[in-house]
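Listed below are the residues making up each chain.
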Amino acid sequence: MTTVVRIPEETHEEVARIAAFRGEQPGHLIAEAWREYIANHRAEFAADLEQAAKLLRDGTLEELTAFVNRSVPARAKRAAARLANGTEDPE
Amino acid sequence: MATAETVLCRSRMVRSMDRPESLVGHTVGGNYVCKGWELRVTKRCLEDDLNADDDAPFDSILGLHVVKAFVKDRQGVTYGTRQVSPIECRPEVWVLAQGDRHRGATIYDPEQEIVWLIAYGKHESGSPKEFFPYCKGLAKKGTLLPTEEDYEGLLADRGGHFAEAVRIEAPMLLLVASRTEGEHRCTVGGSLGAGLCVEVSTAPDATAITVAFFATEVEWEQGLTLLAAINPGKWDPVPRMPSRDLEDGEVAFTIMLEKEEL
């Protein structure tokens, strides 16, 4: 089973080159980059985690929902654009 | 900007494609939950074609002929027997028929696992909304397919369900994980929520909880809420699960708890 991640073409080419050089799959390299990103953004991660914990502890369901849905506008934009562009799911 | 597609592997075991039994056949906001997907009506179709509010909950329109047909014919399969033509559109637009007169148009978005009812009209020559010319007109105007606002409604309803489920389900899954040898694979909020793996490792004076999920499937805020609901303490990213390496696209976090914190 697979899923698709859209990245700029030049980034994809660079990832593919580095992955080939290291004898790895591009997906593996991207996952590694994600883990490095998390490691390098600990402060942001900790602040958001604290906010989630506070909302779970003291917040209303509406406030927690608003936090969970923080990225909905951006995700909705991507989903609608993908559909309008007729992109097929390779699955 | 030009884009390319990078394919990441993900585990079939982690992600349950089926919605929880308790939700199948029920509505969640504007969604009707089927086993492997949901049904929803676009805002334009709700307002212009069904004379309903553009944010009408699904259960408020269940009595309409075309919505009855939508549920009956699309809860088992995502497509119909014939396409609306001559619309050249991707994804395919399928005809939904109820009796001789009522006609609907549906599409399936596999990435979001949603079947949309995008138009309704009558199969009557001369009717102001004669189905096939009406659909063709909407396609020509670029208003046939779901919009950004439609997806906002869909994702917000799913997020609301996740927020509701996480508080109840997270303590339960931790309990089950602590009684499971090795890794416990589960979902929170069913497929409307997030799939994850939880492993609890117990030592004499401390316990480690490690949680993994796919960064491509679980949104940042969902992931953080999951972790905070399992334990509100300090989680750290880790490169592997205690009993295995991570799969491509998977991320893991761990928290160490002293005995008295449990």
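Note that the structure is predicted; figures quoted are calculated from it, not measured. (Residues numbered from 1 in each chain as written. Chains lettered and ligands numbered in written order. Predicted model: local features only at pLDDT ≥ 70, side-chain atom pairs only at ≥ 80, totals over all residues.)

Remarks on the domain arrangement of chain B
Entries for chain B in the domain assignment read domain 1 (37-146) and domain 2 (169-261). Centre-to-centre, using C-alpha coordinates, domain 1 of chain B lies 40 Å away from domain 2 of chain B. (Domains from an automatic or database assignment.)

Section: the interface of chain A and chain B
In this complex, chain A contributes 48 residues to the contact, which on the side of chain B involves 49 residues. Of all the secondary structure elements, the ones that give two or more residues to the side of chain A that touches chain B are β1 (2-8), α1 (9-22), α2 (26-40), α3 (42-58), α4 (61-68) and α5 (72-84) of chain A. When residues of the side of chain A that touches chain B are assigned to their parent elements, the largest contribution, ten residues, is made by α5 of chain A. Class assignment for the residues of the side of chain A that touches chain B results in 27 nonpolar, ten polar and eleven charged. (Contact = placed C-beta atoms within 7 Å. Helix = DSSP H or I, 4+ residues; strand = E, 2+ residues; numbered from the N terminus. Nonpolar A, V, L, I, M, F, W, Y, C, P; charged D, E, K, R; others polar.)

A few points about the sheet that holds strand β2 (residues 27-28) of chain B
All names here are of chain B. The mixed open sheet is built from six strands, whose spatial order is β2-β3-β4-β7-β6-β5. What marks the edges here is a single partner per strand, and that holds for β2 and β5 (94-98). Across two bridges, β2 lies against strand β3 (residues 31-33) in antiparallel orientation. Across the sheet, residue Val28 finds its bridge partner in β3, namely Asn31. Along the sheet face, helix α2 (residues 65-74) touches β3, β4 (38-41), β5, β6 (102-109) and β7 (114-122) and points at about 120° away from the line of β5. With respect to the sheet, helix α3 (residues 131-141) is in contact with β6 and β7, its orientation differing from that of β7 by roughly 125°. (Pairing = 2+ DSSP bridges. Axes fitted to C-alpha atoms, helices over the stretch in contact; angles between N-to-C directions.)

A short note on the environment of Val41 of chain B
As for its placement among the helices and strands, Val41 of chain B is situated in strand β4. Among all residues touching Val41 of chain B, those that are not within four sequence positions of it are Leu46, Leu50, Ile61 and Leu117 of chain B.

Some words on the packing of α3 of chain A against α4 of chain A
All names here are of chain A. For the pair α3 and α4, the least separation of the axes is 8 Å and the interaxial angle reads 155°. With respect to α4, the axis of α3 lies roughly antiparallel. Considering how the two elements wind past one another, α3 and α4 form a crossing that is left-handed. Where α3 abuts α4, its residues Gln51, Ala52, Leu55 and Leu56 lie against Glu63, Leu64 and Phe67. Partitioning the contact of α3 with α4 into residue classes produces five nonpolar, one polar and one charged. (Parallel < 35°, antiparallel > 145°, perpendicular 65-115°, else oblique. Left-handed = near helix turned anticlockwise from the far one by under 90°.)

A few points about the nonpolar core
Residues and elements named next belong to chain B. Counting residues in each nonpolar core, the largest one holds 43 residues, and the members touching the most others are Cys45, Phe70, Ala105, Ile118, Ala119, Cys135 and Leu144. Ranked by residues supplied to this core, first place goes to β7 with seven residues. In this view, Leu144 contacts Ile118, Ala119, Cys135, Leu138 and Ala139; residues no more than four positions away in its chain are not counted. Grouped together as the second largest cluster of nonpolar side chains are 39 residues, Ala165, Val198, Val251 and Ala252 included. (Core = buried A, V, L, I, M, F, W, Y, C linked by C-beta atoms within 7 Å. Buried ≥ 20, exposed ≤ 12 C-beta atoms within 10 Å, placed from the backbone.)

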